[in-house]
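# Notes for the structure review
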Amino acid sequence: MPKTKPSAAAVAGTADDIEASFYEALQRGDIDALMACWADEDEVFCVHPGGPRLVGATAIRAAFEQMFANGAIHATPAHVRRVESLASAVHNVLERIEVLTAEGPRHAFVLATNVYHKTAQGWRMVAHHASPGMVHAPDEADEIPQVLH
């Protein structure tokens, strides 16, 4: 029997619920569950660490399928900062990633920005942008910098 896309009810709820579903799908290597988190819009985009901008569900799906060919992605949100409004939410996530090295499993950290919109199907991801990995969790700076860039 062919796999079917999870119903909207399976990933309905808040932006936090969609984010939890997204990371659970990464950890299981479940492409259908992962893609059910994305909005059905032409302009959704994803940027993997050091990679190009992938625009559209087809490009995003292909990239995640290629990544899942090497196994599930053991990424968990370690810390989330949220900016939310009635129909959109932006989450800045410190992801803790387990990577296998010659010395055994190690942890790395990635900063990701996940953007969600409230659509007719409920909350859905419209953007995921992840930074290159770091060995240590970055320090947080709550002060306003004197220079913009």
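Residues numbered from 1 in each chain as written. Predicted model: local features only at pLDDT ≥ 70, side-chain atom pairs only at ≥ 80, totals over all residues. Heavy atoms only, no water.

## Some details on the overall build of the protein
Broken down by element type, the protein carries three helices and six strands. Counting from the amino terminus, helix and strand elements in the protein follow one another as α-α-β-β-α-β-β-β-β. Within the span of the protein, comprising 149 residues, buried residues form 36% of the whole. Put simply, of all contacts in the protein between residues at least 6 apart along the chain, 50% involve residues at least 24 apart. Looking at the protein as shown, the accessible area adds up to about 9300 Å², and 56% of this sits on carbon and sulfur atoms. (Helix = DSSP H or I, 4+ residues; strand = E, 2+ residues; numbered from the N terminus. Buried < 20%, exposed > 50% of the residue type's maximum accessible area, 1.4 Å probe, protein only. Contact = heavy atoms within 4.5 Å. Areas by Shrake-Rupley, 256 points an atom, 1.4 Å probe, with all protein chains shown as cover.)

## Comments concerning the environment of His 128
Along the polypeptide, His 128 turns up in strand 6 (residues 122–130). For the pair His 128 and Asn 114, spaced 14 residues apart in sequence, the C-alpha separation works out to 4.6 Å. Here His 128 is in contact with Phe 22, Tyr 23, Trp 38, Phe 45, Cys 46, Val 47, Glu 95, Ala 112, Thr 113 and Asn 114, once residues within four sequence places are set aside. Side-chain polar atoms of His 128 contact the side chain of Asn 114, separated by 2.5 Å. (Polar contact = N/O pair within 3.5 Å; in protein donor to acceptor, adjacent residues only side chain to side chain.)

## Observations regarding the sheet that holds strand 2 (residues 53–55)
The strand order 2-1-6-5-4-3 describes an open sheet built from six strands, whose pairing is mixed. Looking at which strands have only one partner, the edges of the open sheet turn out to be strand 2 and strand 3 (75–84). Direction aside, the axes of adjacent strands within the sheet are offset by 25° on average. Bridge analysis of strand 3 against strand 4 (residues 88–101) gives nine bridges, and the strand direction is antiparallel. (Pairing = 2+ DSSP bridges. Axes fitted to C-alpha atoms, helices over the stretch in contact; angles between N-to-C directions.)

## A short note on the packing of aromatic side chains
To describe a pair of aromatic rings, one takes the distance between the centres and the angle between the planes. Evaluated as defined, the whole model comprises three aromatic pairs. Judged by centre distance (6.2 Å) and plane angle (90°), the ring pair of Phe 22 and Phe 64 falls under edge-to-face. Placement of Phe 22 in helix 1 (residues 15–28) and of Phe 64 in helix 3 (residues 57–68) is noted, with a sequence separation of 42 residues between them. On the accessibility criterion, Phe 22 (0% relative accessible area) is buried. Relative to Phe 68, the ring of Phe 64 lies with its centre 6.1 Å away and its plane at 45°, an arrangement referred to as tilted. With Phe 64 and Phe 68 both in helix 3 and four residues apart, this pair spans about one turn of that helix. An aromatic cluster of three or more residues is present, and its members are Phe 22, Tyr 23, Phe 64 and Phe 68. (Phe/Tyr/Trp six-rings, centres within 6.5 Å; stacked < 30°, edge-to-face > 60°.)

## Considerations on the confidence of the model for the protein
For the protein, per-residue confidence averages 88 on the pLDDT scale, and residues scoring 70 or more make up 86% of the total. Ignoring residues within four places in sequence, the model shows residues 1–9, a span with pLDDT below 50, making nine contacts including any to other chains. (pLDDT = per-residue confidence, 0-100.)

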